[in-house]
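The primary structure of each chain is shown beneath.
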Amino acid sequence: LDVINLQEYLDQQLMRRNARETGICPIREELYGQCFDELIRQVTINCAERGFLLLRVRDEMRMTHRCVSHVVRECCRIRHAQSTPRRAGEKRTPKAGWNNSNAEKGRTPSEARRVSGTHGKRTRKRKRSGGHRRRRHMRTR
């Protein structure tokens, strides 16, 4: 009976506050959070262990949501900064991974490889696995 009342109350609040049905909606997020908290309260009354487990799940979900939201905001901020046009006379800043001498000359990493003659070639040696050494087998008597 409590669950049915809670469901009806949730539906009424969603309609009354004009929450969007799809996409990101802070109103809907808040109302569902309140509903989940009420469900946890009701479950905790009947079984404390289940209630505490649900609290842990809720807290972990909130933390994950905050982290993902932060990453999305940072990606959007970086993307926006990269897409803004440069002003006339503004110096070109080197990108991450650029060699300073090439950056001063305004070369991109691919241009630098072309000039140095390493275009398409590996510049680092691969590490050999432990199987390249000859092993001496001990003879047992």
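Computed from a predicted model, the values in this text were never measured in an experiment.

1. A short note on the overall build of the protein
Then, in step 1: A count of helices and strands for the protein gives five helices and zero strands.
Then, in step 2: Written out in order from the N terminus, the α and β elements of the protein read α-α-α-α-α.
Then, in step 3: Taking all 141 residues of the protein together, the buried fraction comes to 11%.
Then, in step 4: As displayed, the protein offers around 13,600 Å² of accessible surface, 52% of which is attributable to carbon and sulfur atoms.

2. Looking at the side chain of Gln13
Then, in step 1: Tracing the chain through its elements places Gln13 in helix α1 (residues 2-16).
Then, in step 2: A polar contact of 2.9 Å, which involves the side chain of Gln13, links it to the side chain of Arg16.

3. Observations regarding the confidence of the model for the protein
Then, in step 1: Confidence along the protein averages 76 in pLDDT terms, with 60% of residues attaining 70 or more.
Then, in step 2: Counting interchain partners and residues more than four positions distant, the pLDDT-below-50 stretch residues 131-141 has one contact.

4. Some words on the nonpolar core
Then, in step 1: Leu6, Leu10, Leu14, Ala19, Cys25, Leu31 and Cys35 form the largest nonpolar core, which has seven residues in total.
Then, in step 2: If you list the elements that add at least two residues to this core, you get α1 and α2 (26-46).
Then, in step 3: Here this core gets three residues from one element, more than from any other, and that element is α1.
Then, in step 4: When sequence neighbours within four positions are dropped, the list of residues in contact with Leu14 reads Ala19, Arg28, Leu31 and Tyr32.

Criteria and cut-off values
- Residues numbered from 1 in each chain as written.
- Predicted model: local features only at pLDDT ≥ 70, side-chain atom pairs only at ≥ 80, totals over all residues.
- Heavy atoms only, no water.
- Helix = DSSP H or I, 4+ residues; strand = E, 2+ residues; numbered from the N terminus.
- Buried < 20%, exposed > 50% of the residue type's maximum accessible area, 1.4 Å probe, protein only.
- Areas by Shrake-Rupley, 256 points an atom, 1.4 Å probe, with all protein chains shown as cover.
- Polar contact = N/O pair within 3.5 Å; in protein donor to acceptor, adjacent residues only side chain to side chain.
- pLDDT = per-residue confidence, 0-100.
- Contact = heavy atoms within 4.5 Å.
- Core = buried A, V, L, I, M, F, W, Y, C linked by side-chain atoms within 4.5 Å.

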